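A look at the structure
The residues making up each chain are set out below.
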Amino acid sequence: MIKSNGAMSKKSIILFTIIALTVQFQSVFAQSSIPHLQKVGDRYQMMVNGKPFLMLAGELGNSTASTMESMRPVWPRLKELNLNTVLIPVYWDLLEPEEGKFDYELVEDLILEARKQQLKVVFLWFGAWKNSMSSHVPAWVKLNQKRFPRAQSSSGESQEILTPFSDNNLKADLNAYHHLLQYIKKVDAAYQTVILMQPENEIGMLPSARDHHPLANQKFQESIPNDLMAYLIKNKPSLNPEFLKIWEQNGFKTTGTWEEVFGSELHTDEIFLAYYFARYTNQVSAAGKKEYALPTYVNAALNRAGKKPGEYPSAGPLPHVLDIWKAAAPSIDFYSPDFYNPNFKQWNDLYVRQNNPLFIPEHSFDNTVAAKALFAIGHYEALGFAPFSIEQIPGKPLSLKEEKLAKVYQIIGQVKTLLDKNRGQNRIEGVLLDKEAREVTFTLGAYEFTAEHTYNLGWEPNSKAEEWEPAGAIIIQTKENEFYYAGFGVSLKMKSLKKSNGFVGILKAERGYFKNGNWIVYQHLNGDQTHQGRHIRSFVDDVTIQRFTLYEYE
Ligand code: DGJ
C-alpha cells in the first residue's frame, strides 16, 4: 500500500519489485516465444503462448469490423459458433486517414475485446490490394495518382489497382503496415491475442495478365533477375510440375529476358508479374516482421478452369506460379487457397506440395463447411479452417449449417490434445464424403479402414434425397489398437493388414467426451449402434466422439 505522505512501506516495495519483475519477465518471455510455426514430424503447427494452437476460425465480412458498434452483436455470435480465432481486416484508409497520422483506436479496441472474449486474432492487411483492387488505400493515395501510380491494362488504360512497380506505392504501404505491427507489438506482445498476419488480400491483376505501366514495361524488357534464376536452378528437382513444364518448353534457359526464358505467351506475363507482386509483398511482410515477427501468409483467389491469365485475377500465389512467389518472398511463411468453387481436395493437394502448411482462411459459408473442417484438419493436419462471413446475421437463431459447424468445432476442440500428440506421425486421417465420393479407403497402423457415407447404407430418412449433405470425420490412432472417431455421417469398416484373413472385430466402443482432459464414457456402444460389432459410425445428424479398440480374429 502507498502511504499518504508518499513514503512506501517495506511490504509495498517488495510488492512493487515483484510486479516490475513479472512485467519484465512477461515481456521478455513474450518476445522470446512470439506466435510461430513449428515443424512436428512431417507437418507444421502453430505455437501460441508456448503451446500448440489449432485455429477453429471464421473470417468476418469485409466491413463488419469497421466500427466497434457494428461488432457489438458479432462477438456473442462468434462464441456461439465455438470459434477460438477470428480473422479481422485492418483497413489502411481507416488506420492512416491522413498521411503519417495513424489512428490505432479501432485496432486496439478489437484486440482488447477479442482478448476479453478469449479469441485469438488473425489480422488481414487490406493495404495496397484487396481482391485485386486498391479499394482500401486512403484518400490521400487515391487522389494523388502522379505520386501513387496505377497499373495499366494492355491497352494502356489505368486501373484502380496500384502498380507494384512504384517505390512510392511500396514505401507508403510498407510504412503503414510496419506502424501497425509496431503497435500490435506494443499492446499485445505480452498476451499474444494476435497470432498471424495476412499482408494484402487476394492479390491479382485484371483485366490483363500483367501490368503495362511504363515502369512495368521497362522491367519486362530486362533480363530475369539473378535471385529468381538462382532459386529456380537450385530448386529445379522439386519445382511444381506445371511450372517446370513451361520452363522446359523453352529449353530450361537460364539467362535472357522474361520472354526469352519463358516464351512469348500470356503465361510469361503472369510469371513476370507474380515475381514483382511477390517481391513487393515480401518487403511489406519483412518490414512488419522487423518490428514484430508474427508469421505471415498470403491468400489466393483460385482461378476457374478454362480461363486465361487476365481473365481471372492473375499472378497471385496460385499453384502454377507458387514457385515464383517462393523465390521472391522468403518472408512469407505459407500460402492459402480461398474457396468459392468446388474441388476442395484437388486444390488443397496442390497447396500442400513442397511442405506448404495448409490453412483455409476463407470458404463460402455453405452446408459443406462442417465436413470440410474435419477433413482439412484430419487429412492435411491443417493449421486451421475459417468459413467466410462467419457472423452472417447475428441475433437470429443459429441455422442448421451454423449449428453443425458449432458442434464440429466443439468436438475438434475436445480432441485437440490427441491431435497435438499425434501430429506429423501418420496417426491422423480425415475423410470427406458426399454423393459423388461415397467411400474412401485409408490405412492407420496395421489396419485398413473403409469409410462410407452413412446415406449409402440407406437407413436414414434423407438418404433418398437428391442432395446429400457432405459427411466428415477425423480418425486418430492413439495406441496400436485404439482409435478415436470424431465426426458425423461416416461408417467405418476395418480390415487387418497383419492377418491373412484380414478379420477385425470391435473389442470395445464408447461414445463420450473429454472433461478436464479425461475421457468420460457417455454410452457403451454395441448392438445396433455398432451394427452388431461390424462398424463404427454416427449418422449425419449425430456429431459425436467415439473411442474404439479393435482386435483380430481367426
Ligand atoms: C474473397 C475475398 O478475399 C473476401 O475479402 C471477400 O471479398 C470474398 N471473396 C467474397 O465476398
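Parameters and conventions
- Residues numbered from 1 in each chain as written.
- Predicted model: local features only at pLDDT ≥ 70, side-chain atom pairs only at ≥ 80, totals over all residues.
- Heavy atoms only, no water.
- 1 Å grid on protein atoms, 1.4 Å probe; cavity = no way out; pocket = protein on both sides within 12 Å on 5 of 7 lines; lining within 4 Å.
- Points joined across faces, edges and corners; volume = space filled by probe spheres on them.
- Helix = DSSP H or I, 4+ residues; strand = E, 2+ residues; numbered from the N terminus.
- Nonpolar A, V, L, I, M, F, W, Y, C, P; charged D, E, K, R; others polar.
- Pairing = 2+ DSSP bridges.
- Axes fitted to C-alpha atoms, helices over the stretch in contact; angles between N-to-C directions.
- Salt bridge = Lys/Arg side-chain N within 4 Å of Asp/Glu carboxyl O.
- Buried < 20%, exposed > 50% of the residue type's maximum accessible area, 1.4 Å probe, protein only.
- Phe/Tyr/Trp six-rings, centres within 6.5 Å; stacked < 30°, edge-to-face > 60°.
- Lys NZ or Arg CZ within 6 Å of the ring centre and 35° of its normal.
- Arc of directions from axis to C-beta.
- Contact = heavy atoms within 4.5 Å.

1. A word on the layout of surface pockets
There is about 590 Å³ of room inside the largest pocket. Looking at the largest pocket, it is lined by 26 residues, and the ones nearest its centre are Lys372, Leu432, Leu433, Asp434 and Ala437. Where the lining of the largest pocket is concerned, the elements lending two or more residues are helix H14 (344–351), helix H15 (369–379), strand S14 (428–433) and strand S15 (439–444). With 5 residues, the single largest contributor to the lining of the largest pocket is S14. In terms of residue class, the lining of the largest pocket is built from 11 nonpolar, 5 polar and 10 charged.

2. Focus on the sheet that holds strand S21 (residues 518–524)
The strand order S14-S17-S18-S23-S20-S21 describes an open sheet built from 6 strands, whose pairing is antiparallel. In the strand order of this sheet, the two ends are held by S14 and S21, each with one partner. Adjacent strand axes in the sheet meet at a mean angle of 30° when their direction is disregarded. Direction of pairing for strand S20 (residues 504–515) relative to strand S23 (residues 544–552): antiparallel, over a ladder of 7 bridges. Of the residues in S23, the one forming a bridge with Val504 is Glu552.

3. Side note on the pairing of strand S8 (residues 158–162)
Where strand S7 (residues 150–152) lies against S8, 2 bridges are found, and the strand directions are antiparallel. When the bridges of S8 are listed, Gln152 appears paired with Ser158.

4. A word on the pattern of salt bridges
Per the counting criterion, the structure on display carries 22 salt bridges. The partner of Asp420 in a salt bridge is Lys416, with the nearest N and O atoms 2.6 Å apart. Of this pair, Asp420 and Lys416 both sit in helix H16 (residues 400–422), 4 residues apart, which is roughly one turn of that helix. We note a salt bridge from Asp542 to Arg511, for which the minimum N-O separation is 3.0 Å. You can see Asp542 sitting in the loop between strand S22 (536–538) and S23 and its partner Arg511 sitting in strand S20, a full 31 residues away along the chain. For Asp542, a relative accessible area of 27% translates into the label partly exposed. Connected via shared salt-bridge partners are Arg77, Glu80 and Glu402.

5. Thoughts on the packing of aromatic side chains
Scanning the entire structure with this criterion turns up 39 aromatic pairs. Ring centres of Phe165 and Phe272 lie 5.6 Å apart, and the angle between their planes is 15°; this geometry places the pair in the stacked category. Taken together, the residues span a long stretch of sequence, with Phe165 in the loop between S8 and helix H7 (167–188) and Phe272 in helix H12 (residues 266–291) at a distance of 107 residues. Grouping residues by exposure puts Phe165 and Phe272 together as buried. Just above the ring of Phe252 sits the side chain of Lys236; from NZ or CZ to the centre is 3.8 Å.

6. What to know about the sheet that holds strand S16 (residues 447–453)
The strand order across the open sheet formed by 4 strands is S15-S16-S19-S22, and the pairing between neighbours is antiparallel. Both edges of this open sheet fall to S15 and S22, since each of them pairs with a single strand only. When the angles between neighbouring strand axes are averaged without regard to direction, this sheet yields 20°. Where S16 meets strand S19 (residues 490–496), 7 bridges bridge the pair, whose relative direction is antiparallel. Across the sheet, residue Ala451 finds its bridge partner in S19, namely Leu492.

7. Things to note about H14
When H14 is considered as a whole, its buried residues turn out to be Phe344, Trp347, Asn348 and Tyr351. The buried side chains of H14 occupy one side of the element, clustering within an arc of 100° when seen end-on.

8. Quick notes on the side chain of Asn84
On the secondary structure map, Asn84 appears in the loop between helix H3 (74–80) and strand S5 (85–91). On the accessibility criterion, Asn84 (19% relative accessible area) is buried. With residues up to four places along the chain from it excluded, the contact list for Asn84 reads Phe53, Leu54, Met55, Leu56, Gln118, Leu119 and Lys120.

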